[in-house]
Amino acid sequence: MSAPKKGDLTDTEKELLQVIAAGNVQEASRLLGSKDVKVNCLDEYGMTPLMHAAYKGKADMCKLLLQHGADVNCNEHEHGYTALMFAGLSGKTEITWMMLDAGAETDAVNSVGRTAAQMAAFVGQHDCVTVINNFFSRARLDYYTKPQGLEKEPKLPPKLSGPLHKIIMSTNLNPVKIVMMVKENPLLMDVEALEKCRKVLELICEKCIKQQDMNEVLAMKMHYLSCVLQKCGSFLKDRQDKLESLIKSLLKGRDSDGFPVFQEKFIRECIRKFPYCDATLLQQLVRSIAPVEIGSDPTAMSVLTQAITGQVGFMDADFCTTCGEKGAEKRCSICKMVIYCGQACQKLHWFSHKKVCKMLQEQREKHEAESAARQKQAKAEGDQALEEMSSTMEDLSVSQNETTSSTDNHTEDVNSVTAD
Ligand SMILES: [Zn+2]
Ligand SMILES: [Zn+2]
């Protein structure tokens, strides 16, 4: 197959670009199956279908195109824009992540020498800047898997690079989720392995602060992850329960309202222990968290997550109560007040949730009854107002009659007066 030429589009490819603009994923999927369509075809400006989808902010479409082998680093655009740059310009963090995850180069520059992060910053898409700055490639981690200088052994055994990279790349910073990721991998369920990972994370943290273009966001993330791994290490060493008790401690809610106090305190402590006191981000985080009473909003987790991943509205969205994964849909069938990503997470949380489930149920029922009563009252008031209005209208017609008749009466009266 020859390389696509600019503007050399088949009719089906032209149709595909229209379908992408309209956001019809099903139709795009059908067209991509056609032999007349090259997934990396170029329009007259050198834009690929993926660039179009990224610029239009269509996440599902980007996913589909990547699945069909779209080249995330194509740079045929007339001004040197890449799909990552278009993603940053669109302001969609999800798409920006997707491009990075698919291997987009962060240091590619456009025809005036700007990187994707700089372009996103220029148009005020700061969440996308955060996402790009937050990205850490596998190659950068693999540096630690090779002995440096006089080292006999590398700092990170190569077999740990994959599992550690997965943790570094997680956008879900919920400590329960991170502990679960450790638990899932037998290579990480080892005190010594965890200690090696932790040290590498602290080294990366230091590098992020000391490098020329300082990256505090990434430094904070590395430090936070290192704290969680350290906690895993100490629980693994002291207790023979494969981190079960750590997960329970993190999930255990206080009696009054089920708020996970240990988790909140743990995250606050991680932030406080950040080794570079002058960092602006640290000061920002401390300012946002310190005045908040434990149990009130915002939680340390939501403040940290927003600072690192740029996710806003963290508490309102559908995040699993246990592990913090996005897109949770299963509701506790009794209280209907907490959501989970699945049964496993619900089971994990039950030992603590069962203490407040009934109370939450009552709260919800009371709240529902009150709002039903309010609605009923509002309706009754509405009905009454309507009734009054129609009766006033009747009155109006009556009083018109009355006016006539009263005039008559008056006349009569006058007459009668006269008569008297
Ligand atoms: Zn979950
Ligand atoms: Zn419940």
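So, how was this worked out
- Residues numbered from 1 in each chain as written.
- Chains lettered and ligands numbered in written order.
- Predicted model: local features only at pLDDT ≥ 70, side-chain atom pairs only at ≥ 80, totals over all residues.
- Helix = DSSP H or I, 4+ residues; strand = E, 2+ residues; numbered from the N terminus.
- Rg over C-alpha atoms; globule rule 2.2 N^0.38 Å.
- Buried ≥ 20, exposed ≤ 12 C-beta atoms within 10 Å, placed from the backbone.
- UniProt positions renumbered as here; feature names shortened; annotations may be inferred.
- Axes fitted to C-alpha atoms, helices over the stretch in contact; angles between N-to-C directions.
- Parallel < 35°, antiparallel > 145°, perpendicular 65-115°, else oblique.
- Left-handed = near helix turned anticlockwise from the far one by under 90°.
- Contact = placed C-beta atoms within 7 Å.
- Nonpolar A, V, L, I, M, F, W, Y, C, P; charged D, E, K, R; others polar.

**Notes on the overall build of the protein**
Here comes step 1: When you go through the protein residue by residue, the secondary structure sums to 18 helices and two strands.
Here comes step 2: At 32 Å, the protein has a C-alpha radius of gyration far larger than the 22 Å of a compact globule built from 420 residues.
Here comes step 3: Oriented by its inertia axes, the alpha-carbon framework of the protein measures out at about 130 × 65 × 40 Å.
Here comes step 4: Residues classed as buried in the protein amount to 37% of the 420 residues present.

**What about the UniProt feature "domain: MYND-type" (unreviewed entry) in the protein?**
Here comes step 1: Following the UniProt record, one finds the feature "domain: MYND-type" (unreviewed entry) at residues 320-357.
Here comes step 2: End C-alpha to end C-alpha, residues 320-357 measures 16 Å, and it is 39% helix and 11% strand.

**Things to note about the packing of helix H4 (residues 59-67) against helix H6 (residues 93-101)**
For any two helices packed against each other, one specifies the inter-axial angle together with the distance between the axes.
Here comes step 1: Close contact between H4 and H6 brings their axes to 9 Å; oriented N to C, the two are set at 15°. Looking at the two axes, H4 sits roughly parallel to H6. As for how H4 packs across H6, the hand of that crossing is left-handed. Between H4 and H6, the residues in contact are Ala 59, Cys 62, Lys 63 and Leu 66 and Glu 94, Ile 95 and Met 98, respectively.
Here comes step 2: Residues belonging to the contact of H4 with H6 are distributed by class as follows: five nonpolar, no polar and two charged.

**Digging into unusual backbone geometry**
Here comes step 1: Between Asp 297 and the following residue, Pro 298, the backbone shows a cis peptide bond with an omega angle of -5°.
Here comes step 2: At Lys 242, a position not held by glycine, the phi torsion is positive, near 55°.
Here comes step 3: Assignment of secondary structure puts Lys 242 in the loop between helix H13 (216-238) and helix H14 (244-251).
Here comes step 4: Classification of Lys 242 as partly exposed rests on a count of 13 C-beta atoms within 10 Å.
Here comes step 5: In this model, Lys 336 sits at a positive phi of 55°, which is unusual for a non-glycine residue.

**Considerations on the UniProt feature "repeat: ANK" (unreviewed entry) in the protein**
Here comes step 1: Following the UniProt record, one finds the feature "repeat: ANK" (unreviewed entry) at residues 45-77 and 79-111.
Here comes step 2: Across residues 45-77, the secondary structure splits into 48% helix and 0% strand, with the terminal C-alpha atoms separated by 6 Å.
Here comes step 3: Annotated as residues 79-111, this span is 52% helix and 0% strand, and its ends, taken at the C-alpha atoms, are 5 Å apart.

**Comments concerning the packing of helix H16 (residues 280-289) against helix H17 (residues 300-309)**
Here comes step 1: Running from N to C, H16 and H17 point in directions that differ by 150°, and their axes come no closer than 10 Å. Accordingly, the angle class assigned to the pair H16 and H17 is roughly antiparallel. Relative to H17, H16 is oriented so that their crossing is right-handed. Contacts from Leu 281, Gln 284, Leu 285, Ser 288 and Ile 289 in H16 reach Ala 300, Val 303, Leu 304 and Ala 307 in H17.

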